[in-house]
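Now for the letters of each chain:
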Amino acid sequence: MPPVQAPPRLFGDHFLRQLLPDELGMLEKVRMLVRDVIGPKAAEVGRSDTFAWGNFHLLAREGVVATAFPRQYGGTDARQALRIRIIEELGRVCSASASIVTGTDLSSRAIVSGGSEEMKQRLVPQLCTGEVQVAFALTEPEAGSDVRGLRTTVRRDGDSYVVSGRKKFITRGTTADSFIVVARGADDPAVFIAVLVPRDAPGFSISSEVGKLGWFGVPISSLEFNDVAVPVSQRLGAEGDGFNLAQDALLRARIGHAAMALGRAIGAVEIAATYMSDRSLFGKALGEHQGAQWMLAEMITQIEGARALVAVAAEKYDRGDADVAIFASMAKLQATDLCMKVVVDALQLTGGRGYLQDFPLERFFRDAKLNQIGEGSSEVHKTVIGRDAVRRTRLAERNPCLRPGSLVDY
Ligand SMILES: Cc1cc2nc3c(=O)[nH]c(=O)nc-3n(C[C@H](O)[C@H](O)[C@H](O)COP(=O)(O)OP(=O)(O)OC[C@H]3O[C@@H](n4cnc5c(N)ncnc54)[C@H](O)[C@@H]3O)c2cc1C
């Protein structure tokens, strides 16, 4: 019997032409996992906020977690061009699963970019297989959007660093084996230092899981460090590299958040469009009513636009372009704000059913909000993009329809 061909999708596969044959093979594997396991189980995973171990082990076993890591340490060093497609695919049904992939970048990237050779050889192969997990601890009660306001300190004491302070909103707090902690130098507050702290270090305490609105399956905790000593060999990068290591991890995670939000927006439109063809009112299908068609048209058109922007950001990352951070900010801003709007509109189109816990859009609605807050909120990205545009305008070619001199003199 020939293999059963999956029907064409509402959102076309035009971006897949950018992928190489082995990348397409990995994506096809993820699509099958989504169709057969992750999609059908998504409601169950989203019902309680305990870590989605089943999905984590599945994604690790199938080599999806390893896409985040370099080949020499057991990973597959996937291009962002592939990773955005994988994350979009998972986000289409299950935020927890998408977060397992993009959160792996956030939580472990500093080990890849700043860990010693010994640390990488010991830890990265186990991170690829999911035998160990790391969490990324940057945010504090007094420092969220304004990360330069960190108060946690790292003090050198002989062959050790001593960490003191508090961290808040830390994903994988209850499941990680170690924590990348970014803090200020106690002697020089202008110096940011990143260290890897094992969860059983004396003086380190982790709160129980903190209840939240959505993103069930990837819980968060608060952390407290009371003079926690770790060997100097646990430092990531050089003293002073902490901020840049955090930015490097956040860059990948921002592209990931954008892809996840797009996936969710796509999923929401697929669900609303299906309802539009199943539901009849006032003598014809909901999808035959022009008002509903216009809503669908706007959602689909805007999603395809945002997909193109996210693809450009991924391409820039893979090429190492200097302006990738601005494009990652634009992609995250555009995709996550759009996702929130699309999920609200999709829920409206499905009427009372959209409001039911039994219907997936209620979960999508709760999950969408976090993408606008985590990894730099929409307002932070607007500030970054706007500031960069003002700076570039001073150096940019002047619009040829203007006469010379200051515009104030017009
Ligand atoms: C579920 C979840 C998981 C998380 N996981 C992690 C994790 O694993 N590791 C980690 O380190 N952190 C994590 N975070 C923290 C997250 O990154 C922060 O919540 C985020 O950076 C925002 O910081 P804040 O919550 O302190 O908000 P605040 O900094 O208090 O900001 C409040 C509001 O002010 C707005 N704002 C900020 N600056 C400006 C401005 N200049 N102009 C106008 N408005 C502005 C913001 O956009 C926001 O809407 C997580 C958070 C959540 C909710």
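Residues numbered from 1 in each chain as written. Predicted model: local features only at pLDDT ≥ 70, side-chain atom pairs only at ≥ 80, totals over all residues. Heavy atoms only, no water.

Our next topic: the side chain of E23. Along the polypeptide, E23 turns up in helix α1 (residues 21-45). Assessed through its relative accessible area of 7%, E23 is described here as buried. Residues in contact with E23, not counting those within four places in the same chain, are Q18, R79 and L82. (Helix = DSSP H or I, 4+ residues; strand = E, 2+ residues; numbered from the N terminus. Buried < 20%, exposed > 50% of the residue type's maximum accessible area, 1.4 Å probe, protein only. Contact = heavy atoms within 4.5 Å.)

With that settled, the discussion passes to the pattern of salt bridges. If you walk through the whole model with that rule in mind, you get 26 salt bridges. Close ionic contact of D248 with R109 constitutes a salt bridge, the shortest N to O distance being 3.7 Å. Highlighted residues: D248 in helix α6 (residues 242-278) and R109 in helix α4 (residues 95-114), separated in sequence by 139 residues. The class of D248 is partly exposed, set by a relative accessible area of 23%. By relative accessible area, which is 15% here, R109 ends up buried. R307 is the salt-bridge partner of E304, the closest N and O atoms lying 3.4 Å from each other. Residue E304 and its partner R307 are both found in helix α7 (residues 290-319); the two are separated by three residues, about one turn of the helix. For R307, a relative accessible area of 4% translates into the label buried. One salt-bridge network, held together by shared partners, links R9, D13, R31, E89, R92 and E270. (Salt bridge = Lys/Arg side-chain N within 4 Å of Asp/Glu carboxyl O.)

A word on the environment of Q126. Examined against the element boundaries, Q126 turns out to sit in helix α5 (residues 117-129). Using a relative accessible area of 27% as the deciding quantity, one classes Q126 as partly exposed. Counting along the chain gives 34 residues from Q126 to R92, while the straight-line C-alpha distance between them is 28 Å. Sequence-distant contacts of Q126, defined by excluding residues within four places in its chain, comprise E131 and V132.

Let us now look at the side chain of D321. Mapped onto the secondary structure, D321 falls in the loop between α7 and α8 (324-349). Residue class for D321 comes out buried when judged on its relative accessible area of 19%. One polar contact links D321 to R319, side chain to side chain, over a distance of 2.8 Å. (Polar contact = N/O pair within 3.5 Å; in protein donor to acceptor, adjacent residues only side chain to side chain.)

Taken as a whole, helix α2 (residues 53-61) has its buried residues at N55, F56, L58, L59 and A60. Residues of α2 that are buried sit in contact with α1, α3 (80-91), α4 and α5. At the exit of α2 stands G63, carrying a positive phi of roughly 85 degrees.

At a closest axis distance of 7 Å, the pairing of α3 and α4 adopts a crossing angle of 150 degrees. If you check the angle between α3 and α4, you find them roughly antiparallel. Taken together, the residues of α4 that come into contact with α3 (itself represented by Q80, R83, I87, L90 and G91) are S97, A98, V101, T102 and D105. Looking at the contact of α3 with α4, its residues break down into four nonpolar, four polar and two charged. (Axes fitted to C-alpha atoms, helices over the stretch in contact; angles between N-to-C directions. Parallel < 35°, antiparallel > 145°, perpendicular 65-115°, else oblique. Nonpolar A, V, L, I, M, F, W, Y, C, P; charged D, E, K, R; others polar.)

Looking now at unusual backbone geometry. Positive phi, close to 50 degrees, is recorded for D77, a residue that is not glycine. Of note, D77 is situated in the loop between α2 and α3. In this structure, W215 takes a positive phi of about 50 degrees despite not being glycine. Structurally, W215 is set in the loop between β6 (204-206) and β7 (220-231). Residue W215 is classed as buried on the basis of its relative accessible area, which comes to 8%.

This brings us to the domain arrangement of the protein chain. On domain assignment, one finds that the protein chain holds domain 1 (14-129), domain 2 (134-239) and domain 3 (243-393). For domain 1, the biggest contributors to the area lost against domain 2 are D49, F51 and S107; these three give 33% of the whole. Viewed at the interface, domain 2 and domain 1 are joined by one salt bridge. We note a salt bridge from K212 to D49, for which the minimum N-O separation is 3.0 Å. Linking domain 1 with domain 2 are seven residue pairs in polar contact (both at pLDDT 80 or more), by the criterion used here. Among the elements of the structure, α2, α4 and α5 are those that each provide at least two residues to the side of domain 1 that touches domain 2. Of the residues forming the side of domain 1 that touches domain 2, the biggest block, twelve residues, is contributed by α4. The class makeup of the residues in the side of domain 1 that touches domain 2 is 13 nonpolar, eleven polar and three charged. (Domains from an automatic or database assignment. Buried area = accessible area lost by both parts, 1.4 Å probe.)

Close contact between α2 and α4 brings their axes to 10 Å; oriented N to C, the two are set at 50 degrees. When the axes of α2 and α4 are compared, the pair comes out oblique. Judged by the sense of rotation from one axis to the other, the crossing of α2 with α4 is right-handed. Facing N55, F56 and L59 of α2, the residues of α4 in contact are S97, I100 and V101. Here the residues of the contact of α2 with α4 sort into four nonpolar, two polar and no charged. (Left-handed = near helix turned anticlockwise from the far one by under 90°.)

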